[in-house]
Amino acid sequence: MQLRFKTTLNSREYVDRQAWRDASLERCPLHPNGGCSFARHGTYGRVEPPGTRVPRWYCPEGHRTFSLLADCFASRLPGSLVDLERVVVEVERAKSLEAAADGLRTDDISLPGAIRWTRRRVQQVDTMLRILFDLIPQCLCGCQPTVTALRQWLGVESVLPQMREMAAVYLCVLPSPVGFASPRLTANHGGQIQHDKGPDPPSGIG
Ligand SMILES: [Zn+2]
C-alpha cells in the first residue's frame, strides 16, 4: 500500500539529500493502537531520477507492506510529477497527440513507441483529473479539467504536485499518477481507465 510522504523537495533534491531516510511512519496503519510487530522494511528503487529509493514498512501480522512516496513523484509511472506534467502540457498545446509525441521523442525511440508512451501518460492524467473533479467539485467548479486551465485557475506553475496536496484525504480512492488507489478499485470508473503494465517496479530491497 502506498502512502504519502509530504515534502516540498523536488526529485533531484530528494535523491541528493537521500530524503527517504527522513521519512517516518510512526504507527502501523492497520493497527494504530499498536500490538503488532510493524517495522521499517528497507527501501525499493525507482528508475528516475537514478538513485531514487522509496522507504518501506511491513506489518507481519497484517501481511502488508507500506511505502511512502514523496510528493514530487508520480505514482505507478516512472519519474516526477513535474516531468509528467510537462508532457501533458506539450500535448495540450500541440495540434495533435502524434505531433507532440514526435516532438518529445529522442532519436532512439520510434514514432509509434513515442505515441504509445505519450498517450498512456495523457490518458492517466485525464482520468485522474476527471475523478478529482468529481471528488472536490467545490474547489474546481468552473475550471476545465486540463493542466493548462488548472495552472491558470490555481495560479501555480505545477498543477500535479498541487493536486496531491489538494486531494490529500482522497489519495486512497484517486488513481495514479497523483493518487494511490489500486487499479482494481478505479478500473470501473466510467470504463475509462486503461491500465497497461508498467508501474515503476521495485528493483530490490536496499
Ligand atoms: Zn500492524
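Here the structure is shown first, and the text comes after it.
These figures come from a predicted structure and were not determined experimentally.

What counts, and where the lines are drawn
Residues numbered from 1 in each chain as written. Predicted model: local features only at pLDDT ≥ 70, side-chain atom pairs only at ≥ 80, totals over all residues. Heavy atoms only, no water. Helix = DSSP H or I, 4+ residues; strand = E, 2+ residues; numbered from the N terminus. Buried < 20%, exposed > 50% of the residue type's maximum accessible area, 1.4 Å probe, protein only. Contact = heavy atoms within 4.5 Å. Polar contact = N/O pair within 3.5 Å; in protein donor to acceptor, adjacent residues only side chain to side chain. Donors = N, O, S within 2.8 Å, 3.2 Å for Na, K, Ca; no water. Tetrahedral: all angles 85-135°; square planar, octahedral: opposite > 155°, others 65-115°. Pairing = 2+ DSSP bridges. Salt bridge = Lys/Arg side-chain N within 4 Å of Asp/Glu carboxyl O. Core = buried A, V, L, I, M, F, W, Y, C linked by side-chain atoms within 4.5 Å.

Caption draft 1: Seen up close, the environment of Glu 98. Tracing the backbone through its elements, the reader meets Glu 98 in helix 3 (residues 97-104). Under the relative-accessibility criterion, Glu 98 is labelled partly exposed at 36%. Those residues in contact with Glu 98, other than ones at most four positions away along the chain, are Leu 111, Ile 115 and Arg 119. Polar side-chain contacts of Glu 98 include one of 3.4 Å to the side chain of Arg 119.

Caption draft 2: Main features of the coordination of the zinc ion. Within the protein, the zinc ion binds to Cys 28 (SG), His 31 (ND1), Cys 36 (SG) and Cys 59 (SG); these donor distances fall in the range 2.1 to 2.4 Å. Around the zinc ion, the four donor atoms sit at angles spanning 102 to 114 degrees, and that spread fits a shape best called tetrahedral.

Caption draft 3: Region of the structure containing the pairing of strand 3 (residues 53-59). Among the seven residues that make up strand 3, five are buried, leaving the element largely enclosed by the rest of the structure. Judged from the five bridges that link them, strand 2 (residues 39-45) and strand 3 form a sheet pairing that is antiparallel. Counted as the bridge partner of Arg 40 is Trp 57 from strand 3. Direction of pairing for strand 3 relative to strand 4 (residues 64-70): antiparallel, over a ladder of four bridges. When the sheet's bridge partners are listed, Arg 56 is paired in strand 4 with Ser 67. Where strand 3 folds back onto strand 4 in an antiparallel hairpin, the turn is made up of four residues, including His 63, whose phi is positive at roughly 50 degrees.

Caption draft 4: Up close: the pattern of salt bridges. Per the counting criterion, the structure on display carries eight salt bridges. With a shortest N-O distance of 2.7 Å, Asp 102 and Arg 105 are connected by a salt bridge. Residue classification places Arg 105 among the partly exposed positions, given a relative accessible area of 32%.

Caption draft 5: Main features of the side chain of Ser 67. Tracing the backbone shows Ser 67 in strand 4. At 3.4 Å, the side chain of Ser 67 forms a polar contact with the side chain of Gln 2. The contact partners of Ser 67, leaving out residues within four places of it in the chain, are Met 1, Gln 2, Leu 3, Tyr 44, Val 54, Pro 55 and Arg 56.

Caption draft 6: Structural detail: the nonpolar core. Core analysis: the largest hydrophobic core is formed by 46 residues, its most contacted members being Tyr 14, Val 125, Leu 150, Leu 160, Met 163, Leu 174 and Val 178. Contributing elements (two or more residues each) for this core: helix 1 (11-16), strand 3, strand 4, helix 2 (81-93), helix 4 (111-135), helix 6 (147-154) and helix 7 (159-166). With six residues, the single largest contributor to this core is helix 4. Not counting the four nearest positions on each side in its chain, Val 178 is found in contact with Ser 75, Leu 81, Met 128, Leu 160, Met 163, Arg 164 and Leu 171.

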